[in-house]
Amino acid sequence: MQKFFVLLLLALPAVLLTVNTGSSPFAFAAEDELDEELVDVETEDAAVVADETEPEDEPETTKSPDADTYLLFTRPLHAAGSQLELPAGYPVEFLVGFTNKGEFEDFVVESVEASFRYAMDFSYFIQNFSAVPYNREVKPGHEATVSYSFLPTESFAGRPFGLNIALNYRDGRGNQFSEAVFNETVQITEVDEGLDGETFFLYVFLAAIVILLLVLGQQFLGSYGKRKRPTAARKVVETGTTSTKDVDYEWIPSETLKQLQNSPKGAPKSSPKQSPRQRKAKAGVH
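Residues numbered from 1 in each chain as written. Predicted model: local features only at pLDDT ≥ 70, side-chain atom pairs only at ≥ 80, totals over all residues. Heavy atoms only, no water.

## With respect to the sheet that holds strand 1 (residues 67–75)
(1) Moving on: If you trace the three strands from one edge of the open sheet to the other, you get 1-3-7, paired in antiparallel fashion. Every interior strand has two partners, whereas the edge strands, strand 1 and strand 7 (143–150), have only one. Put simply, the sheet's adjacent strands are angled 20° from each other on average, direction ignored.
(2) Moving on: Where strand 3 (residues 92–100) meets strand 7, eight bridges bridge the pair, whose relative direction is antiparallel. Its bridge partner lying in strand 7, phenylalanine 98 is registered against alanine 144. (Pairing = 2+ DSSP bridges. Helix = DSSP H or I, 4+ residues; strand = E, 2+ residues; numbered from the N terminus. Axes fitted to C-alpha atoms, helices over the stretch in contact; angles between N-to-C directions.)

As structure tokens, then:
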């Protein structure tokens, strides 16, 4: 009977699997083939979708032949030929210059805008900064300079980004132009300020904890030492008045001293020290 139960327990899982799948064990190979076909179809569809959803190319910057632009970073300073490093959490300031080289048409400097792009593909935007409107008119043969600033967030520290700075302007006929005055990869750096306010208070708090622990440890050691130290009981010895060596008899009259010496009980065992006057009085009596 026990063997029957053991065989039943071994056969029960196989029966349950067959019932759940609804097919024989030889059907797994066909299902695997169907799964592979489905995967191939899905990958082909995904490829088609990816081709259809490719990001559109960024519109090319337009520039007027009668205009010249230039850029100057004032904070931080940037040397030509080197990668620009922008401190995270600090404002970045620069100047954009515009020169009207034409002879008849006026230009209007409309706005300046900046944005962070993905370093590997400048068509992907990471962060857009506000466009600052100026609407400054520039006569033929004249120049104009506008300022712009933005603040890189501290979360971007330690990573490279593409920085795009665009100047938007139009001519007298209403033609719009958008010129990229800066379009390079920059490095966002983390500034080490040394000891800030939060770190200072943290150090003060840790120092207070250390001092408190030292005081508590000193009190604990002091109380523990007092408990372990045995208090020796002092033995009090009462000497009483049995010894007459330290008794001063000078103030006692000579007659009283004679009576004490003559009496058998009251006489001191050792002769007291007598003053010269007492000795003379005693000699005169005898």
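So much for the structure itself; the text now carries on.
## Quick word on the environment of aspartate 171
(1) Moving on: By the element assignment, aspartate 171 lies in strand 8 (residues 160–171).
(2) Moving on: Overall, aspartate 171 belongs to the buried group, its relative accessible area being 5%.
(3) Moving on: Each C-alpha atom of the pair aspartate 171 and valine 108 lies 6.4 Å from the other, and the pair is 63 residues apart in sequence.
(4) Moving on: Setting aside its immediate chain neighbours within four residues, aspartate 171 contacts Glu105, Asp106, Phe107 and Phe177.
(5) Moving on: Side-chain polar atoms of aspartate 171 contact the backbone nitrogen of asparagine 175, separated by 2.7 Å. (Buried < 20%, exposed > 50% of the residue type's maximum accessible area, 1.4 Å probe, protein only. Contact = heavy atoms within 4.5 Å. Polar contact = N/O pair within 3.5 Å; in protein donor to acceptor, adjacent residues only side chain to side chain.)

## Details of the nonpolar core
(1) Moving on: Among the nonpolar cores identified, the biggest contains 31 residues, and Leu86, Phe116, Phe150, Leu163 and Ile165 are the most heavily contacted of them.
(2) Moving on: Aside from chain neighbours lying at most four places away, what touches phenylalanine 150 is Leu86, Tyr90, Pro91, Val92, Phe94, Ala114, Phe116, Phe129 and Leu163. (Core = buried A, V, L, I, M, F, W, Y, C linked by side-chain atoms within 4.5 Å.)

## A closer look at the UniProt feature "transmembrane region" (unreviewed entry) in the chain
(1) Moving on: Sequence positions flagged by UniProt for "transmembrane region" (unreviewed entry) are, in local numbering, residues 200–221.
(2) Moving on: In the segment residues 200–221, helix accounts for 100% and strand for 0%; the C-alpha atoms at its two ends are 32 Å apart. (UniProt positions renumbered as here; feature names shortened; annotations may be inferred.)

## Things to note about the confidence of the model for the chain
Low pLDDT means the predicted atomic positions in that stretch should not be read closely.
(1) Moving on: The pLDDT averaged across the chain works out to 75; a share of 62% of its residues lies at or above 70.
(2) Moving on: Overall, residues 19–57 carries pLDDT values under 50, and its contacts beyond four positions in sequence, including any with other chains, amount to five contacts. (pLDDT = per-residue confidence, 0-100.)

## Things to note about the packing of aromatic side chains
(1) Moving on: In total, this model carries 14 aromatic pairs according to the counting rule given.
(2) Moving on: Ring geometry for tyrosine 169 against phenylalanine 177: centres 5.4 Å apart, planes inclined by 20°, an arrangement best described as stacked.
(3) Moving on: The exposure class of tyrosine 169 is buried, given its relative accessible area of 0%.
(4) Moving on: Feature note: the residues Phe73, Phe94, Phe116, Phe129, Tyr148, Phe150, Phe156, Phe161 and Phe182 constitute an aromatic cluster, connected by ring pairs. (Phe/Tyr/Trp six-rings, centres within 6.5 Å; stacked < 30°, edge-to-face > 60°.)

## A few points about unusual backbone geometry
(1) Moving on: The step from arginine 75 to proline 76 runs through a cis peptide bond, and the omega angle for that step is -5°.
(2) Moving on: Here proline 76 shows up in the loop between strand 1 and strand 2 (85–87).

## A closer look at the pattern of salt bridges
(1) Moving on: The full count for this structure, using the stated rule, is seven salt bridges.
(2) Moving on: The partner of lysine 139 in a salt bridge is aspartate 106, with the nearest N and O atoms 3.3 Å apart. Of the two residues, lysine 139 sits in the loop between strand 6 (132–138) and strand 7 while aspartate 106 sits in the loop between strand 3 and strand 4 (107–118), which places them 33 residues apart along the sequence.
(3) Moving on: Under the relative-accessibility criterion, lysine 139 is labelled partly exposed at 42%.
(4) Moving on: Glutamate 137 is the salt-bridge partner of lysine 139, the closest N and O atoms lying 3.2 Å from each other.
(5) Moving on: By relative accessible area, which is 47% here, glutamate 137 ends up partly exposed.
(6) Moving on: When salt bridges that share partners are traced, they join Glu105, Asp171 and Arg173 into one network. (Salt bridge = Lys/Arg side-chain N within 4 Å of Asp/Glu carboxyl O.)

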